[in-house]
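# Architecture and fold: a report
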Amino acid sequence: MSSNTYNTEKIIKAPKSRLIGKNIIIREVVESTSSFLKDALTRGEVSSGTIAVANIQTKGYGRFKRKWVSPRGGIYLSFLIKRFKRDIAPLTLVIAYSVANSLQYLTGIKPNLKWPNDILVNDKKIGGVLAELVGDNLVCGVGVNINTEQSALPEEIKERATSLFIETGKKFDITDALLNLIQGIDKNLVIYKNKGFSYFRDRWLSLCPRWHDIIYPKIGQEKTVHLFHDISETGALIIVDENGEKRLFSGEISYE
Ligand code: BTN
């Protein structure tokens, strides 16, 4: 049966993951699960691997401090890894890949990935990842629109955003979706720790239809035209134009 509110007991009883999820904090409403974890980290209250989840966020944020609209029905989670030893650029790609896999498992729909952190269905954004470092501690936030109705999306993003419900007409059990996502992220974090990004590079690219195609990266304030050539071992976007090759380590691209 579909439900839009987390079943705390089921989450607590679920098999424990390896790197994240031994401790899962579930809240009805928070400003942001990422700020919640950062504050708890500052107070020394949370151990490595802790996940914070909320039904609703009132001040959810994404890259470039953009608002992340967070009504009930979406998954909003953040996890903490203390003394994170790897790069966060490829980590972002690994987590976005994990989200795409989990959504495909739930629906059979194959999402696309857009560098660096977007998960898309039918060219619309369904999820995003935001990895932040607090000293050498990683706080990684994941937002996915699951049962979100069109009417819950603000006018200005309606054209660009979607949810599993909007795409399939079906409602999903939010607890099952969360547990599947956590297991997938945890499994891939273990692989990333042991094998690095090379394991994921081709897998990530296979979900990116714009590989070897024209894209429009923003460089400084300017929208440029480049060929999407590759993703490097460090998660950089390798682009080419008549002046040669460039590597972007962060930033934004558009497709038109
Ligand atoms: C982006 O696409 O720019 C990243 C969006 C990340 C949103 C998630 S929702 C859970 C966590 N809490 C936040 O405030 N942001 C992240």
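This section reports on the structure supplied with the text. (Residues numbered from 1 in each chain as written. Predicted model: local features only at pLDDT ≥ 70, side-chain atom pairs only at ≥ 80, totals over all residues. Heavy atoms only, no water.)

## Here's the deal with the overall build of the chain
Put simply, the test is: Each helix is a run of H or I in the DSSP string that is no shorter than four residues. Each strand is a run of E no shorter than two, and both are numbered from the N terminus. Throughout, radius of gyration means the C-alpha value; the globule benchmark is 2.2 Å times the number of residues raised to the power 0.38. A 1.4 Å probe rolled over the protein chains alone gives each residue an accessible area, and that area as a share of the maximum for its type sets the label: buried under 20%, exposed over 50%, partly exposed in between. Any pair of residues with heavy atoms lying within 4.5 Å of one another is described as a contacting pair. We get accessible surface area from the Shrake-Rupley algorithm with a probe of 1.4 Å; when it comes to residues, only the shown protein chains can shield them. By the counting scheme adopted, Arg and Lys are positive, Glu and Asp are negative, and His together with the chain ends is not counted. Charge positions come from single atoms, namely NZ of Lys, CZ of Arg, CG of Asp or CD of Glu.
On a plain count of helices and strands, the chain comes out with seven helices and 13 strands. Expected size for 256 residues packed as a compact globule is a radius of gyration near 18 Å; at 18 Å, the chain falls within 12% of this value. Taking the principal axes of its C-alpha atoms as reference, the chain extends roughly 60 × 40 × 30 Å. With 256 residues in all, the chain has 52% of them scored as buried. Nonlocal contacts in the chain, meaning residues at least 24 apart in sequence, comprise 64% of its contacts between residues at least 6 apart. Carbon and sulfur atoms make up 50% of the accessible area of the chain, which amounts to about 12,200 Å² in all. Here the chain contributes 36 positively and 28 negatively charged side chains, and the mean placements of these two sets differ by 6 Å.

## Examining the packing of helix α3 (residues 88–107) against helix α7 (residues 198–206)
The following threshold applies: For helices, the fitted axis covers only the stretch in contact; all axes are lines through C-alpha atoms, and the angles between them, taken along N-to-C directions, range from 0 to 180 degrees. Any angle that falls under 35 degrees is termed roughly parallel, while one over 145 is termed roughly antiparallel, one within 65 to 115 roughly perpendicular, and all others oblique. For any pair of crossing helices, the crossing counts as left-handed if the nearer helix is rotated counterclockwise from the farther one by less than a right angle, and right-handed if it is rotated clockwise. For this classification, Asp, Glu, Lys and Arg are treated as charged, while Ala, Val, Leu, Ile, Met, Phe, Trp, Tyr, Cys and Pro are nonpolar and the rest, including Gly, are polar.
Where α3 meets α7, the axes come as close as 10 Å, and the angle between the chain directions of the two elements is 55 degrees. Considering their axes alone, α3 and α7 lie oblique with respect to each other. Handedness of the α3/α7 crossing: left-handed. In this structure, α3 contributes Leu93, Val94 and Tyr97 to the contact, and α7 contributes Phe200, Arg203 and Trp204. Residue composition of the contact of α3 with α7, grouped by class: five nonpolar, no polar and one charged.

## Focus on unusual backbone geometry
Most peptide bonds take the trans configuration, and most residues that are not glycine carry a negative phi. Each neighbour pair has its own omega, and for tryptophan 115 with proline 116 the value is 0 degrees, a cis peptide bond. Note on placement: proline 116 falls in the loop between β4 (112–114) and β5 (118–121). Although it is not a glycine, histidine 212 sits at a positive phi angle of roughly 70 degrees. On the secondary structure map, histidine 212 appears in the loop between α7 and β8 (214–219). Histidine 212 gets classed as partly exposed once you look at its relative accessible area, which sits at 47%.

## Examining the layout of surface pockets
Definition in use: As defined here, a cavity is a set of points on a 1 Å grid over the protein atoms alone where a 1.4 Å probe fits but cannot get out. A pocket is an open set with protein on both sides within 12 Å along at least five of seven lines, and residues line them when an atom is within 4 Å of a point. Grid points are joined across faces, edges and corners, and a volume is the space filled by probe spheres set on the points.
Of the pockets and cavities examined, the largest pocket occupies roughly 1,100 Å³. Taken together, 47 residues make up the lining of the largest pocket; nearest its centre are Arg66, Trp68, Asp118, Lys125 and Arg160. Elements with a minimum of two residues in the lining of the largest pocket: α2 (33–42), β3 (74–81), β5, β6 (124–134), β7 (137–145), α4 (155–158) and β13 (252–254). Among the elements that line the lining of the largest pocket, the one with the most residues is β6, at five residues. Split into classes, the residues belonging to the lining of the largest pocket amount to 19 nonpolar, 14 polar and 14 charged.

## Structural notes on the nonpolar core
Across soluble globular proteins, you tend to see nonpolar side chains buried next to one another. The following threshold applies: Buried Ala, Val, Leu, Ile, Met, Phe, Trp, Tyr and Cys residues that are joined via side-chain atoms within 4.5 Å together make up what is termed a nonpolar core.
Membership of the largest hydrophobic core comes to 61 residues, with the highest contact counts inside it found for Ile75, Leu77, Phe79 and Trp204. Broken down by element, the residue count for this core peaks at ten residues, all from helix α6 (residues 174–195). Setting aside its immediate chain neighbours within four residues, leucine 77 contacts Thr33, Ile51, Ala52, Val53, Cys140, Gly141, Val142, Leu178, Leu181 and Ile182. Formed by eight residues, the second largest nonpolar core is a distinct cluster that contains Ile25, Leu41, Leu80 and Val139.

## With respect to the packing of α3 against α6
With their axes 9 Å apart at the nearest point, α3 and α6 run at an angle of 140 degrees to one another. Taken as axis vectors, α3 and α6 run oblique relative to one another. For the pair α3 and α6, the crossing hand works out as right-handed. Only Ala177, Asn180, Leu181, Gly184, Ile185, Asn188, Leu189 and Tyr192 of α6 make contact with α3, whose side of the interface consists of Pro90, Leu91, Val94, Ile95, Tyr97, Ser98, Val99, Asn101, Ser102, Tyr105 and Leu106. A breakdown of the residues in the contact of α3 with α6 according to their chemical character gives 13 nonpolar, six polar and no charged.

## Thoughts on the site of the ligand
Put simply, the rule is: Throughout this document, a residue counts as near a molecule or strand when at least one of its heavy atoms sits within 4 Å of that molecule or strand. Any pair of nitrogen or oxygen atoms within 3.5 Å is treated as a polar contact; in protein, a donor-acceptor pairing is required on top of that, and neighbouring residues in sequence qualify only through side-chain atoms on both sides. Occupancy of a cavity or pocket is assigned to a molecule whenever over half of its atoms lie within 2 Å of that pocket's grid points.
Taken together, 20 residues lie near the ligand, and Ser32, Gln57, Tyr61, Arg63 and Lys125 sit nearest. Here an oxygen atom of the ligand sits 2.5 Å away from a polar atom, N or O, in the side chain of lysine 125. Among the cavities detected, the one that contains the ligand is the largest pocket. Only α2, β3, β6 and β7 provide two or more residues apiece to the shell around the ligand. With four residues, the top contributor of residues to the shell around the ligand is β6. Residues that form the shell around the ligand fall into these classes: seven nonpolar, eleven polar and two charged.

## Some remarks on the pairing of strand β2 (residues 51–57)
For clarity, the threshold we go by: The pairing criterion is simple: DSSP has to find at least two bridges between the two strands.
In terms of residue burial, β2 counts as a mostly covered element, since six of its seven residues are buried. Inspection of the sheet shows strand β1 (residues 24–30) paired to β2 by six bridges, in the parallel sense. The residue bridging valine 29 from the neighbouring strand is isoleucine 56, located in β2. In terms of strand pairing, β2 meets β3 through four bridges, oriented antiparallel. In the strand pairing of β3, isoleucine 51 is matched with phenylalanine 79.

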